[in-house]
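Geometric and topological summary
Chain by chain, the residues run as shown.
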Amino acid sequence: MVEETQLLAANLVYPLFIVEGTGIRQEIDSMPGVFRLSADQAVAEVGMARSLGIRAVLLFGIPNRKDPEGSSSWAEDGAVQVAVRMLLEKHPDIYVITDVCLCEYTDHGHCGLVEDGTIANDPTLDLLARQALSHARAGAHMVAPSDMMDGRVGRIRDALDADGFSDVSIMSYAVKYASAFYGPFREAARSAPVFGDRRGYQMNPANSREALREVRLDVAEGADVVMVKPAMPCLDIITRVRDEVDVPVAAYQVSGEFAMIRAAGKNGWLNEDAVVLESLLAARRAGASLVMTYFAPLAARLLET
Ligand code: PBG
């Protein structure tokens, strides 16, 4: 009766890995129970999630063809574009968020264009805007840029507005640390950088004032929701961001957090169900309105009972 924080299925966003083709449901080694899905299989998965009270999904595309510019990311028949159209046709009441980034689509695995061995921030912005626009044209309600290039929120906002998509929202990965917890995701999306690392564009885990600066910039550029990522190592950051701005704050319980909890649960070292609910509640208590989690269906089922 006097609990200060509540966790509801409606607070959860379910991330899905989408591949091209049909009939594909391929388990990810480092994320047991999580699958790469073709669009038709995603329809079934979302039907299951929807029946548990989950209202939103976040789609990541894994293309068959990767190139230096990540051009599959804005293809009209790309994995995400096809899935968005199919999902909305079968589940018109689901809220569809799409990841906007290049790393899943580039052959070098970096989130931006590579010029002379370094990441070219400004030339990348047009490609991100192009990708976001193609997601909006497919019907996405919200785009979520995770690339961490400077200035991309404003550029995407301008591109969407100019094309009549002023009602498509932007959730920026405003505070995304250069974290080792993304390891399993990179296996899932086959997106590990082939050289170097992401420390040039993702944030140093030693910094928290910098996080507030990143958030203020993204809000000024038009972000509707700001995300902090990863979640459990950054609960202090979630709270500081919550105090800093008025827009909703999101937290991403990332692949490494998922893998740790699942592995310990499978071994009988932790009570997985209890840890899942506690970890998600902690993100909510810290100040997150919504939480992206691969545990969304499990958590929703647990919350029902
Ligand atoms: C793409 C992206 C990543 C994640 C979300 N978007 C990987 C990365 O930055 O290497 C990680 C999500 C997860 O670990 O679950 N830039």
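As a starting point, this report considers the structure included with it. Residue positions are counted from 1 within each chain, in the order its sequence is given. pLDDT decides what is reported in this predicted model: residues at 70 or higher carry local features, side-chain atom pairs at 80 or more are listed and counted, and totals for whole chains, interfaces and linings draw on all residues regardless. Excluding hydrogens and water, the side-chain figures rest on all heavy atoms present in the structure.

**Here's the deal with the pattern of salt bridges**
Test applied: Any Lys or Arg side-chain nitrogen found within 4 Å of a carboxyl oxygen on Asp or Glu counts as a salt bridge. Exposure is judged per residue with a 1.4 Å probe applied to protein chains only, and the accessible area is read against the type maximum: over 50% gives exposed, under 20% gives buried, and values in between give partly exposed. For the purposes of this entry, the term helix denotes a DSSP run of H or I that reaches at least four residues, the term strand denotes a run of E that reaches at least two, and both are numbered from the N terminus.
A complete count under the given rule lists 13 salt bridges for this structure. Among the ionic pairs, Arg65 bridges to Asp67, the shortest N-O distance being 3.5 Å. For Asp67, a relative accessible area of 10% corresponds to the buried category. One salt bridge in this structure joins Glu244 and Arg216, with 2.6 Å as the shortest N-O distance. Within this pair, whereas Glu244 is found in helix α7 (residues 235–244), its partner Arg216 is found in helix α6 (residues 209–221), the two being separated by 28 residues in sequence. Here Arg216 falls in the partly exposed class, since its relative accessible area comes to 43%. Taken together, the shared-partner salt bridges connect Asp147, Arg152 and Asp218 into one network.

**Concerning α6**
Under the convention used in this document: To estimate how far a helix should reach, multiply one less than its number of residues by 1.5 Å. The directions considered for the arc run from the helix axis to the C-beta atoms.
The terminal C-alpha atoms of α6, which comprises 13 residues, lie 19 Å apart, in line with the 18 Å expected from a rise of 1.5 Å per residue. When α6 is considered as a whole, its buried residues turn out to be Ala211, Leu212, Glu214, Val215 and Asp218. Along the long axis of α6, the arc covered by the buried residues comes to 160 degrees, so they all point the same way. For α6, the exposed residues lying more than 90 degrees away from the buried face are Arg209 and Ala220.

**Side note on the packing of helix α9 (residues 272–286) against helix α10 (residues 296–304)**
The condition that has to hold: Only the stretch in contact is used when a helix axis is fitted, and all axes are lines through C-alpha atoms; the angle between N-to-C directions ranges over 0 to 180 degrees. Angular relationships are summarised with four words: roughly parallel below 35 degrees, roughly antiparallel beyond 145, roughly perpendicular across 65 to 115, and oblique for the angles in between. Here a residue-residue contact requires only that any non-hydrogen atoms of the pair lie within 4.5 Å. Note that Gly is not counted as nonpolar here; it falls among the polar residues with everything else outside the nonpolar set of Ala, Val, Leu, Ile, Met, Phe, Trp, Tyr, Cys and Pro and the charged set of Asp, Glu, Lys and Arg.
At their nearest, the axes of α9 and α10 sit 10 Å apart, and the two run at 95 degrees to each other. When the axes of α9 and α10 are compared, the pair comes out roughly perpendicular. Contact with α9, carried on its side by Glu272, Asp273, Val276, Leu277 and Leu280, involves Leu298, Ala299, Leu302 and Leu303 of α10 and no other residues of that element. A breakdown of the residues in the contact of α9 with α10 according to their chemical character gives seven nonpolar, no polar and two charged.

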